Amino acid sequence: MSVSVIAKHDLDGYILDTEIVVKIPQGTAGKLVQSVRNDIVIVQFNVPSLGALRVSRHDLIVNDTIDSVLTEAERIINIKPFVEADVHRALDNILVRALEVIATDSNRKQVKQLITLYNGVQKHYGYVANKTES
């Protein structure tokens with residue numbers, strides 16, 4: 001995911017797979033590496049010798065463009081091995097992000113309502129129906 005981000009304010013980042021906190025100053029730039037869940041993302045900040053950190057998406061200014069969303073969707077589709085459930089889940093998140101990116105001031109309320117409705121529907125990623133022999 002090559003989406004540029006900037007820390008909105010001083011924030012806490014967590015080193016992956018630990019509870020070790022790293023203080024990131026406001027204005028620090030980086031790249032969004034991965035969306036984990038809800039508002040948690042992995043960011044590689046432009047700080048020498050610092051690995052990727054878990055941070056809240058709400059603490060970032062995200063340079064989302066429709067081109068960056070399209071690039072991310074293409075990257076996800078081309079990941080090998082192709083794990084259908086993971087790809088479907090990731091593309092659902094990409095489509096929601098695309099809606100947020102293309103929303104305008106005049107339709108933002110309706111777009112948020114559409115996203116809420118969509119996210120409220122149960123997803124069956126990787127669901128395999130029981131097949132019965134006849």
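Note that the coordinates shown come from a computational prediction; the quantities given were computed from them, not determined experimentally.

A. Examining helix α1 (residues 66-77) more closely. For α1, with 12 residues, the first-to-last C-alpha span of 17 Å sits near the 16 Å given by 1.5 Å per residue. The inward-facing, buried residues of α1 abut β1 (3-7) and α2 (84-102).

B. Region of the structure containing unusual backbone geometry. Look at the link from Lys80 to Pro81: it is a cis peptide, with omega at 0°. By the element assignment, Pro81 lies in the loop between α1 and α2. Unusually for a residue other than glycine, Asp17 sits at a positive phi of about 60°. Here Asp17 is to be found in the loop between β2 (11-15) and β3 (21-24). One non-glycine residue, Ser49, adopts positive backbone phi at about 65°. Tracing the backbone shows Ser49 in the loop between β5 (40-45) and β6 (53-56).

C. Structural view of the pairing of β1. A one-sided burial pattern is seen for β1, the buried positions being Val3, Val5 and Ala7 and the unburied ones Ser4 and Ile6. Of the strand pairs in this sheet, β1 and strand β4 (residues 29-37) are connected by 4 bridges, and their pairing is antiparallel. Across the sheet, Val5 pairs through a bridge with Gly30, a residue of β4.

D. Quick look at the packing of α2 against helix α3 (residues 108-120). Two numbers describe how α2 lies on α3: the axes approach to 10 Å, and their chain directions differ by 165°. One way to sum up the angle between α2 and α3 is to call them roughly antiparallel. In the packing of α2 onto α3, the handedness of the crossing is left-handed. The segment α2 lies against α3, with Asp92, Val96, Leu99 and Glu100 engaging Arg108, Val111, Leu114, Ile115, Tyr118 and Asn119. Here the residues of the contact of α2 with α3 are counted per class, giving 6 nonpolar, 1 polar and 3 charged.

E. Expanded view of the pattern of salt bridges. On inspection of all chains with the given rule, the structure shows 4 salt bridges. The closest approach of N and O atoms between Asp12 and Lys23, which form a salt bridge, is 2.6 Å. Here the residue Asp12 occupies a position in strand β2, and Lys23 occupies one in strand β3, the gap between them amounting to 11 residues. For Asp12, a relative accessible area of 32% gives the class partly exposed. Between Asp105 and Arg108 there is a salt bridge, with its nearest N and O atoms 3.5 Å apart.

Conventions used here
- Residues numbered from 1 in each chain as written.
- Predicted model: local features only at pLDDT ≥ 70, side-chain atom pairs only at ≥ 80, totals over all residues.
- Heavy atoms only, no water.
- Helix = DSSP H or I, 4+ residues; strand = E, 2+ residues; numbered from the N terminus.
- Expected span 1.5 Å × (residues − 1).
- Contact = heavy atoms within 4.5 Å.
- Buried < 20%, exposed > 50% of the residue type's maximum accessible area, 1.4 Å probe, protein only.
- Pairing = 2+ DSSP bridges.
- Axes fitted to C-alpha atoms, helices over the stretch in contact; angles between N-to-C directions.
- Parallel < 35°, antiparallel > 145°, perpendicular 65-115°, else oblique.
- Left-handed = near helix turned anticlockwise from the far one by under 90°.
- Nonpolar A, V, L, I, M, F, W, Y, C, P; charged D, E, K, R; others polar.
- Salt bridge = Lys/Arg side-chain N within 4 Å of Asp/Glu carboxyl O.

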